[in-house]
Amino acid sequence: MKVFVVNCGSSSIKYQLFSMATESVLAKGIVERVGQDGAKLTHTKGNGDRLQKQVEAPNHSAALALVVETLLDKDAGVLSSIGEIEGVGHRVVHGGEAISASTIIDQRVIDIIKDNARLAPLHNPANLSGIESAMAVIPHVPHVAVFDTAFLATLPPVAYRYAVPTEWYTEHHVRRYGFHGTSHRFVTQRAAEILGKSVDKVNLITVHLGNGCSMTAISGGKAVDHSMGMTPLEGLVMGTRSGDIDPAIVLYMQREGATAQEIDKTLNSRSGLLGLSGKLSDMRDLLEQVDAGDKNAELAVEVFVYRIVKYIGAYHAILPGLDAVILTGGIGENSLPVRRRICKALARLGAEGDNHRNEQTRGGKAGAITTDASRLAVWVVPTNEELMIARDTAALAGK
Ligand code: ADP
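Residues numbered from 1 in each chain as written. Predicted model: local features only at pLDDT ≥ 70, side-chain atom pairs only at ≥ 80, totals over all residues. Heavy atoms only, no water.

1. Concerning the state of the cysteines
To keep things clear, this is the line we draw: Throughout, disulfides are identified as pairs of cysteine sulfur atoms within 2.5 Å of each other. Burial status follows relative accessibility: with a 1.4 Å probe on protein chains alone, a residue under 20% of its type maximum counts as buried, one over 50% as exposed, and anything between as partly exposed.
Tallied over the entire structure, the rule returns zero disulfides. No disulfide involves Cys 343; its nearest neighbouring cysteine sulfur is the one of Cys 213, lying 17 Å away. Residue classification places Cys 343 among the buried residues on the basis of a relative accessible area of 4%.

2. Digging into the packing of helix 11 (residues 295-318) against helix 13 (residues 336-345)
Using the following cut-off: Inter-axis angles, ranging from 0 to 180 degrees, are taken between N-to-C directions of lines fitted to C-alpha atoms, where helices are fitted over the stretch in contact. Counting from the N terminus, the helices are the DSSP runs of H or I reaching at least four residues and the strands are the DSSP runs of E reaching at least two. Roughly parallel refers to an angle under 35 degrees, roughly antiparallel to one over 145, roughly perpendicular to one between 65 and 115, and oblique to any angle outside these ranges. Left-handed is the label given to a crossing in which the near helix is rotated counterclockwise from the far helix by less than a right angle, and right-handed is the label when the rotation is clockwise. By definition, residues are in contact when any of their heavy atoms lie within 4.5 Å. Only Asp, Glu, Lys and Arg are considered charged in this grouping, and only Ala, Val, Leu, Ile, Met, Phe, Trp, Tyr, Cys and Pro are considered nonpolar; every other residue, Gly among them, is considered polar.
At a minimum axis separation of 10 Å, helix 11 and helix 13 run at an interaxial angle of 50°. Between helix 11 and helix 13, the angle is such that the two are oblique. As for how helix 11 packs across helix 13, the hand of that crossing is right-handed. On the side of helix 11, the interface is formed by Glu 298, Val 301, Glu 302, Phe 304, Val 305, Ile 308 and Val 309, while helix 13 contributes Val 338, Arg 341, Ile 342 and Ala 345. Of the residues belonging to the contact of helix 11 with helix 13, the class tally is eight nonpolar, no polar and three charged.

3. Quick word on the site of the ligand
Basically, it comes down to this: Only heavy atoms are used to decide nearness, and a residue is near a molecule or strand if one of them lies within 4 Å of it. A 3.5 Å cut-off defines polar contacts: any pair of N or O atoms within that distance qualifies, except that in protein one atom must be a possible hydrogen donor and the other a possible acceptor, and neighbouring residues in sequence count only when both atoms are side-chain atoms. Here the accessible surface of atoms and residues is derived via Shrake-Rupley with a 1.4 Å probe, and residues count as covered only by protein chains that are part of the display.
Around the ligand, the surrounding shell consists of Gly 210, Asn 211, Gly 212, Asp 282, Met 283, Arg 284, Gly 329, Gly 330, Ile 331, Asn 334 and Ser 335. Taking Arg 284, its main chain carries an N or O atom lying 3.2 Å from an oxygen atom of the ligand. In this structure, Gly 330 approaches the ligand through a main-chain N or O atom, which is 2.9 Å from an oxygen atom. Taken by itself the ligand offers 580 Å² of open surface, and the protein chains cover 68% of this. Elements with a minimum of two residues in the shell around the ligand: helix 10 (283-291) and helix 12 (329-334).

4. Brief notes about a nonpolar patch on the surface
How we decide: Each patch is assembled from residues with relative accessible area greater than 30% and no salt bridge, linking like charges that lie within 9 Å and nonpolar side chains (Val, Leu, Ile, Met, Phe, Trp, Tyr) that lie within 5 Å. A pairing counts as a salt bridge when a side-chain nitrogen of Lys or Arg comes within 4 Å of a carboxyl oxygen of Asp or Glu.
Together, Ile 245, Ile 249, Tyr 252 and Met 253 make up a nonpolar patch on the protein surface, roughly 330 Å² of accessible area in all. By the element assignment, Met 253 lies in helix 7 (residues 248-255).

5. Describing the sheet that holds strand 7 (residues 103-104)
Paired through backbone hydrogen bonds, the strands of a sheet run either parallel or antiparallel to each other. How we decide: A pair of strands is labelled paired if DSSP reports no fewer than 2 bridges between them.
Strand order in this open sheet of eight strands is 5-4-3-2-1-6-8-7, and the pairing throughout is mixed. Both outer strands of the open sheet, strand 5 (50-54) and strand 7, are each paired with one neighbouring strand and no more. Sitting on the sheet, helix 3 (residues 124-137) touches strand 1 (2-8), strand 6 (85-92) and strand 8 (143-147), and the angle it makes with strand 6 is about 170°.

6. A closer look at the packing of helix 7 against helix 8 (residues 260-269)
Packed helices, taken two at a time, are described by the angle their axes make and the gap between the axes. Where helix 7 contacts helix 8, the axes come no closer than 10 Å and their chain directions differ by 130°. By the angle class used here, helix 7 and helix 8 are oblique. The chirality of how helix 7 crosses helix 8 is right-handed. Packed against helix 7, whose contacting residues are Val 250, Met 253 and Gln 254, the element helix 8 presents Ala 260, Ile 263 and Leu 267 at the interface.

Spelled out as structure tokens, the structure:
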């Protein structure tokens with residue numbers, strides 16, 4: 001069975017075509033600068049052959065038509081007919097309270113995505129546009145929506161309610177929803193496999209560290225707390241997002257003359273590692289500056305790690321037990337210095353870092369980075385959100 005996975009952002013479309021028998025990637029790619037001048041398609045076949053070209057992509061629909069054309073191309077392509085695709089999986093950011101699992105897209109699901117657009121104004125409309133465009137070019141097969149929020153639907157009220165007037169929740173839907181759920185679900189399943197436990201018995205703290213960063217407390221395989229909130233701004237320090245701040249800072253900065261729009265942009269795009277370092281949001285670049293003796297870069301990395309360790313301490317306290325802390329995402333999977341700092345800072349909770357194991361789990365390999373004697377196990381488990389979407393799509397489309 002071949003499954004096509006689409007991740008449609010406001011100005012880009014990422015895609016992967018899977019062969020589900022072997023869970024291998026037949027082709028993947030991205031169309032960037034959709035709706036702008038200078039759109040570009042990068043398409044890579046499973047054998048590594050890569051095609052890159054400037055394209056005309058005035059909207060998502062034109063971009064997807066190009067992708068399908070490329071999949072069918074006699075040189076760059078990997079399909080002889082579009083009919084070979086038996087299901088299409090879509091990443092959708094916000095399912096609100098109505099969605100707790102992946103689901104075949106029908107009018108009800110489309111209405112839910114539209115309804116939740118006010119909670120995710122940048123993401124849901126783009127996701128929906130991707131769905132509508134893909135349904136037009138790949139008709140007659142099930143299209144499945146896999147929501148970022150779904151895995152966090154098991155959060156109990158004690159974790160998802162904010163201590164604000166009840167009407168904010170009942171009338172304005174103000175609560176913690178959480179994001180990155182597909183990644184947290186994937187690594188939870190994978191960690192259970194590696195630890196030799198059934199998923200419903202596993203207690204974990206899963207830490208996704210990419211450009212966006214989030215942490216989930218997992219009890220018996222279910223999410224019971226999560227660091228992102230009503231929006232992806234809350235929680236850990238991220239590449240350009242602040243994570244937790246005193247909410248009164250927003251009001252204070254407004255009184256100082258900043259507009260709501262400026263503050264929104266500052267907290268989402270000019271804060272986090274970028275804000276603290278003054279110039280860099282990418283962990284690789286930042287670590288180079290740390291090595292070169294840059295004090296602001298050092299502070300940025302310290303605050304980043306400190307916030308992670310503080311949250312791990314909090315989640316440790318609320319879980320009934322803890323099998324392992326799981327690190328994933330670009331930084332979790334690749335950044336040896338950040339992993340080393342996290343293990344060191346977790347010493348009081350019983351973590352004993354193992355530098356040799358840290359080296360061995362370089363470049364996308366799963367494994368422990370603490371010693372066997374460590375009272376707290378820290379593992380690296382690479383995530384694969386696209387594969388999770390493909391699996392859900394295959395399961396639902398195959399029915
Ligand atoms: P996204 O959240 O956009 O999917 P990724 O999961 O790819 O992002 O993570 C991006 C982050 O991972 C960046 O901060 C980048 O510097 C970091 N990263 C990727 N590779 C490495 C590496 N080899 N060493 C350190 N950091 C890395």
